[in-house]
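# An overview of the molecular structure
The chain contents come next:
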Amino acid sequence: MSGHLALPAFHTNQLTEENTMLQEKVTQLQRQLALAELLEEEDTKPKKPQRKKGNSQKSGAASVGGSSTPSDPLALLTETVANLQKAMTEEREKMANLRKAMTEEREAMTEECEKVANLQKAMTEEREALTEECEKVANLQKAMMTEEREARQKVEATLANLQKAMTEEREKVANLQKAMTEEREAWQKVEATLASERDERLWQLSEVAGRTGELEQWAVTADPEILDRIRLRSLLDEGQAKLARFAGLVSEKDTTSYASMTWRLKLKGEDGEPAADDARLRTARSLLTGRGGIIPQAIQVLVDNKDAMRLLTETKSSIRNWGNHFAHHLASKPAEDKKGMLGILEFVSGSSM
């Protein structure tokens, strides 16, 4: 295509050069015609002695025309004009051919320009279509990113709500388990309390039955040993009841039997099982001396009497047991029991605290 674009300038320069050459030839022809007319005028004039010189000028003029053969100036001029016309005709044909070539080249260039214009138009349309597609892709990507972001936000919100709901459910389950545990513990405490109350009632019934049996036996037999045993047990109950009231386990309105039983139950282990005698003794000393403040002298004397404290705290009291294999009156008791019972008697019969 670049070759076609360079042809017009080349042909234009060639045409300009040929026109210049043609003008030069026309100018030369005009000069020759003027010279021929001058020679013809001289021929028509009267001949002078210098004719040879004129002939030499004519021959020089003929030589100027480019032909030395014709001697007649008119023939020479005619031949020159014919040659010039022939040359001009050839030049016109060349110029016509050149114009035709230029026209064809111009048409080819126009066609090429149209092709280039169409190609540029197609490229522009393709570029516009590509730009439109790029915009569509960009919009689609933007929409997809927006939808993906919104979907991700929805999923995250759903997960957060689900986690929150699960946390709340866990808390509810934990609270329910805690409530069930507390309820179970409460039921266990109730059952333990009921069992303890049942044991207390059975214990009370057992003691009442024992005392009733002893009273019935004494009423029938009037055995003084049975009466001594009843008195010793009553003395032990009075001592334990007085200690229970001092320790704040019962009120002054409660009966001696209930206060004594409360004192004995307090000395049991934490699990409700009977504790060892040394542990029961430590618990009793703590109840009596661990309240703070001034301890009454009667309490202090009793606490210092280890035999009395043993009888007041031991699990299986020899004073409370009855049967033929136990002694039935104070005279037959060991010396430690006698000393302890005398201490309890002194504590019970002493002044109130």
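Worth saying up front: this structure is predicted, and the values here are computed from it rather than measured.

## Side note on the overall build of the protein
Scanning the protein for helices and strands turns up nine helices and zero strands. Secondary structure of the protein in N-to-C order comes out as α-α-α-α-α-α-α-α-α. Taken over 353 residues, the protein has a buried fraction of 24%. Summarising the internal contacts of the protein: among those between residues at least 6 apart in sequence, 64% fall at separations of at least 24.

## A word on the pattern of salt bridges
Going through the model one piece at a time under the given rule, you end up with five salt bridges. For Lys115, the salt bridge goes to Glu111, with nearest N and O atoms at 3.9 Å. One end of the pair, Lys115, and the other, Glu111, are both in helix H3 (residues 73–221), four residues apart, so they sit about a helical turn from each other. In this structure Lys115 comes out as partly exposed when scored by relative accessible area, which is 45%. In this structure, Arg282 and Asp278 form a salt bridge, with 4.0 Å as the shortest nitrogen-oxygen distance. Taken together, the residues Arg282 and Asp278, both in helix H6 (residues 277–289) and four residues apart, mark about one turn of the helix. For Arg282, a relative accessible area of 54% corresponds to the exposed category.

## Details of the packing of helix H7 (residues 297–304) against helix H8 (residues 306–313)
At a minimum axis distance of 5 Å, the contact between H7 and H8 shows a crossing angle of 90°. Classed by the angle they form, the pair H7 and H8 counts as roughly perpendicular. Here Leu302, Val303 and Asp304 of H7 lie close against H8, whose contacting residues are Lys306, Ala308, Met309 and Leu312. For the contact of H7 with H8, the residue count by class is five nonpolar, no polar and two charged.

## What about the packing of helix H5 (residues 256–266) against H6?
Running from amino to carboxyl end, H5 crosses H6 at an angle of 115°, the nearest separation of the two axes being 10 Å. Touching Trp263, Arg264 and Lys266 of H5 are Arg280, Thr283, Ala284, Leu287 and Leu288, all from H6. Among the residues forming the contact of H5 with H6, the class breakdown is four nonpolar, one polar and three charged.

## Quick word on H7
If you check which residues of H7 are buried, you get Ile299, Leu302 and Val303. Seen along its axis, H7 keeps its buried residues to an arc of 100°; they face one direction. Looking at H7, the residues exposed on the side facing more than 90 degrees away from the buried face are Gln297 and Asp304.

## Examining the packing of aromatic side chains
Scanning all chains against the criterion turns up zero aromatic pairs. Sitting over the ring of Phe347, Lys242 keeps its end group 4.8 Å from the ring centre.

## Considering a nonpolar patch on the surface
There is a patch of nonpolar side chains on the surface, built from Val155, Leu159, Leu162 and Met166 and spanning about 350 Å² of accessible area. Relative to the helices and strands, Met166 resides in helix H3. For Met166, a relative accessible area of 39% translates into the label partly exposed.

## A look at the nonpolar core
Counting 26 residues, the largest nonpolar core has Leu243, Trp263, Leu288, Ile299, Leu302, Met341 and Ile344 as its most contacted members. Within the residue set of this core, elements represented by two or more residues are helix H4 (224–246), H5, H6, H7, H8 and helix H9 (335–349). Top contributing element to this core by residue count: H4, with seven residues.

## A word on the environment of Leu235
Within the secondary structure layout, Leu235 lies in helix H4. Sequence separation of Leu235 and Met341 is 106 residues, and the distance between their C-alpha atoms is 8.1 Å.

## Some words on the environment of Leu236
Mapped onto the secondary structure, Leu236 falls in helix H4. Taking the C-alpha atoms as reference, Leu236 lies 9.8 Å from Ser317; in sequence the two are 81 residues apart.

## Comments concerning the side chain of Arg245
With respect to the helices and strands, Arg245 occurs in helix H4. In this structure the side chain of Arg245 is engaged in a polar contact, spanning 3.0 Å, whose partner is the backbone oxygen of Asp254. When residues no more than four places from it in sequence are discounted, the contact partners of Arg245 are Val250, Ser251, Glu252, Asp254, Thr255, Thr256 and Ala259.

## Remarks on the confidence of the model for the protein
Residues of the protein with pLDDT of at least 70 account for 69%, and the chain-wide mean is 76. Ignoring residues within four places in sequence, the model shows residues 1–7, a span with pLDDT below 50, making six contacts including any to other chains. Taken together, the stretch residues 215–220 has pLDDT below 50 and engages in seven contacts with residues farther than four places along the chain or on a different chain.

Conventions used here
Residues numbered from 1 in each chain as written. Predicted model: local features only at pLDDT ≥ 70, side-chain atom pairs only at ≥ 80, totals over all residues. Heavy atoms only, no water. Helix = DSSP H or I, 4+ residues; strand = E, 2+ residues; numbered from the N terminus. Buried < 20%, exposed > 50% of the residue type's maximum accessible area, 1.4 Å probe, protein only. Contact = heavy atoms within 4.5 Å. Salt bridge = Lys/Arg side-chain N within 4 Å of Asp/Glu carboxyl O. Axes fitted to C-alpha atoms, helices over the stretch in contact; angles between N-to-C directions. Parallel < 35°, antiparallel > 145°, perpendicular 65-115°, else oblique. Nonpolar A, V, L, I, M, F, W, Y, C, P; charged D, E, K, R; others polar. Arc of directions from axis to C-beta. Phe/Tyr/Trp six-rings, centres within 6.5 Å; stacked < 30°, edge-to-face > 60°. Lys NZ or Arg CZ within 6 Å of the ring centre and 35° of its normal. Patch = residues over 30% accessible without salt bridge, like charges linked within 9 Å, V, L, I, M, F, W, Y side chains within 5 Å. Areas by Shrake-Rupley, 256 points an atom, 1.4 Å probe, with all protein chains shown as cover. Core = buried A, V, L, I, M, F, W, Y, C linked by side-chain atoms within 4.5 Å. Polar contact = N/O pair within 3.5 Å; in protein donor to acceptor, adjacent residues only side chain to side chain. pLDDT = per-residue confidence, 0-100.

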